[in-house]
Amino acid sequence: MSESKKNEDPKVYEENAVFGEITLKGWGCKTCNTFYGDDKSVAQYCCCTHRKCNECGELTEKTYLICRKCRDKKEAEKLQARLDKAKEISQVGYENMIYSESHNACYHDIDSYLTRCENDDVDPEEFVFATTFKRFHIDLADIKERVGEEHEIEDFSMTFDFPEHLVKAIKQFNRDAMVQKKNLGSFQCDYTRKLKVEV
Ligand SMILES: [Zn+2]
Ligand SMILES: [Zn+2]
């Protein structure tokens with residue numbers, strides 16, 4: 001119903017404008033008695049703290065479908081599958097950082113990775129992943145589009161020009177990023193290549 005129609009035909013509060021008492025059917029939590037209507041699964045979930053792991057049946061916190069042990073096992077299998085698929089490359093001539101998935105960290109080289117393993121008293125892995133270097137790049141067209149969207153101005157990117165000094169500075173920055181080796185960019189894990197950890 002449109003707003004104007006509603007206004008033409010007001011429904012005024014009156015004492016007896018009710019059906020009478022209505023009994024609701026539905027599901028409630030048996031611990032705290034909260035009523036959840038027809039949402040049975042929410043009622044079941046309400047006050048429980050644990051549930052059975054979908055994989056092994058052990059108890060786990062209710063926010064997880066599978067327990068910590070089974071999650072770790074799955075992660076380890078996923079990592080192993082990735083490592084099996086990756087191509088082994090030589091350390092000779094390799095200059096990028098390396099990435100250890102199980103540490104979730106990048107290292108400058110195998111030596112600093114081994115030092116960390118020693119300090120943390122964990123066994124080094126047989127392989128770690130290589131990384132690729134992704135250069136920073138500022139896209140003027142992207143920025144324009146975002147400003148236009150934020151201000152809800154149509155055709156903003158067609159009609160607005162950034163000041164020349166800003167355009168020049170950004171172009172210079174992008175050129176610098178292309179020629180500078182290490183500080184204008186970031187290292188991204190490359191799951192397709194791996195390096196052997198020689199202890
Ligand atoms: Zn409850
Ligand atoms: Zn489990």
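Residues numbered from 1 in each chain as written. Chains lettered and ligands numbered in written order. Predicted model: local features only at pLDDT ≥ 70, side-chain atom pairs only at ≥ 80, totals over all residues.

### Details of the overall build of the chain
Piece 1. When its secondary structure is counted, the chain shows 7 helices and 7 strands.
Piece 2. Reading the helices (α) and strands (β) of the chain from amino to carboxyl end gives α-α-β-β-α-β-β-β-α-β-α-α-α-β.
Piece 3. Taken over the C-alpha trace, the chain has a radius of gyration of 30 Å; the compact-globule value for 199 residues is 16 Å, which it surpasses by more than 25%.
Piece 4. In the chain, once contacts between residues fewer than 6 apart in sequence are set aside, the share between residues at least 24 apart is 53%. (Helix = DSSP H or I, 4+ residues; strand = E, 2+ residues; numbered from the N terminus. Rg over C-alpha atoms; globule rule 2.2 N^0.38 Å. Contact = placed C-beta atoms within 7 Å.)

### Description of unusual backbone geometry
Piece 1. Despite not being glycine, N104 shows a phi value in the positive range, around 55 degrees.
Piece 2. On the secondary structure map, N104 appears in the loop between β4 (98–100) and β5 (105–107).
Piece 3. Classification of N104 by C-beta neighbours within 10 Å gives exposed; the count is 8.
Piece 4. Unlike most non-glycine residues, D121 shows phi in positive territory, near 55 degrees.
Piece 5. When you line up the elements, D121 lands in the loop between α4 (110–120) and β6 (127–135).
Piece 6. For D121, a count of 6 C-beta atoms within 10 Å corresponds to the exposed category. (Buried ≥ 20, exposed ≤ 12 C-beta atoms within 10 Å, placed from the backbone.)

### Some details on the sheet that holds β4
Piece 1. Pairing within the open sheet is mixed, and its 5 strands lie in the order β3-β7-β6-β4-β5. At either margin of the open sheet sits one strand with a lone partner, and together these are β3 (87–89) and β5. Averaged over all adjacent pairs, the angle separating strand axes in this sheet is 50 degrees, with direction ignored.
Piece 2. Inspection of the sheet shows β3 paired to strand β7 (residues 185–196) by 3 bridges, in the parallel sense. By the bridge assignment for β7, K87 is matched with R193. (Pairing = 2+ DSSP bridges. Axes fitted to C-alpha atoms, helices over the stretch in contact; angles between N-to-C directions.)

### Brief notes about the nonpolar core
Piece 1. By size, the foremost hydrophobic cluster in this structure holds 8 residues: M97, I98, Y99, Y113, V128, F129, A130 and L195.
Piece 2. Tallying contributions element by element places β6 first for this core, with 3 residues.
Piece 3. Leave out the neighbours within four places in its chain, and A130 touches I89, Y94, N96, I98, D190, R193, K194 and L195. (Core = buried A, V, L, I, M, F, W, Y, C linked by C-beta atoms within 7 Å.)

### Overview of the environment of G20
Piece 1. Within the fold, G20 resides in the loop between α1 (3–8) and α2 (40–45).
Piece 2. When the C-alpha positions of G20 and C48 are compared, they lie 36 Å apart, and in sequence the two are 28 residues distant.

### Details of the pairing of β6
Piece 1. Here β4 pairs with β6 via 2 bridges, running antiparallel. Within the sheet, the bridge partner assigned to Y99 lies in β6 and is F129.
Piece 2. Here β6 pairs with β7 via 9 bridges, running antiparallel. Bridge assignment links F133 to a residue of β7, and that residue is F187.

### So, the confidence of the model for the chain
Piece 1. Residues at a pLDDT of 70 or more form 96% of the chain, whose mean pLDDT is 91.
Piece 2. Mean pLDDT across the elements of the chain ranges from a minimum in α1, with 59, to a maximum in β3, with 97. (pLDDT = per-residue confidence, 0-100.)

### Quick notes on helix α3 (residues 68–85)
Piece 1. For α3, spanning 18 residues, the distance from its first C-alpha to its last is 26 Å, which sits close to the expected 26 Å at 1.5 Å a residue.
Piece 2. Across the 18 residues that make up α3, only a small minority, 0, are buried. (Expected span 1.5 Å × (residues − 1).)

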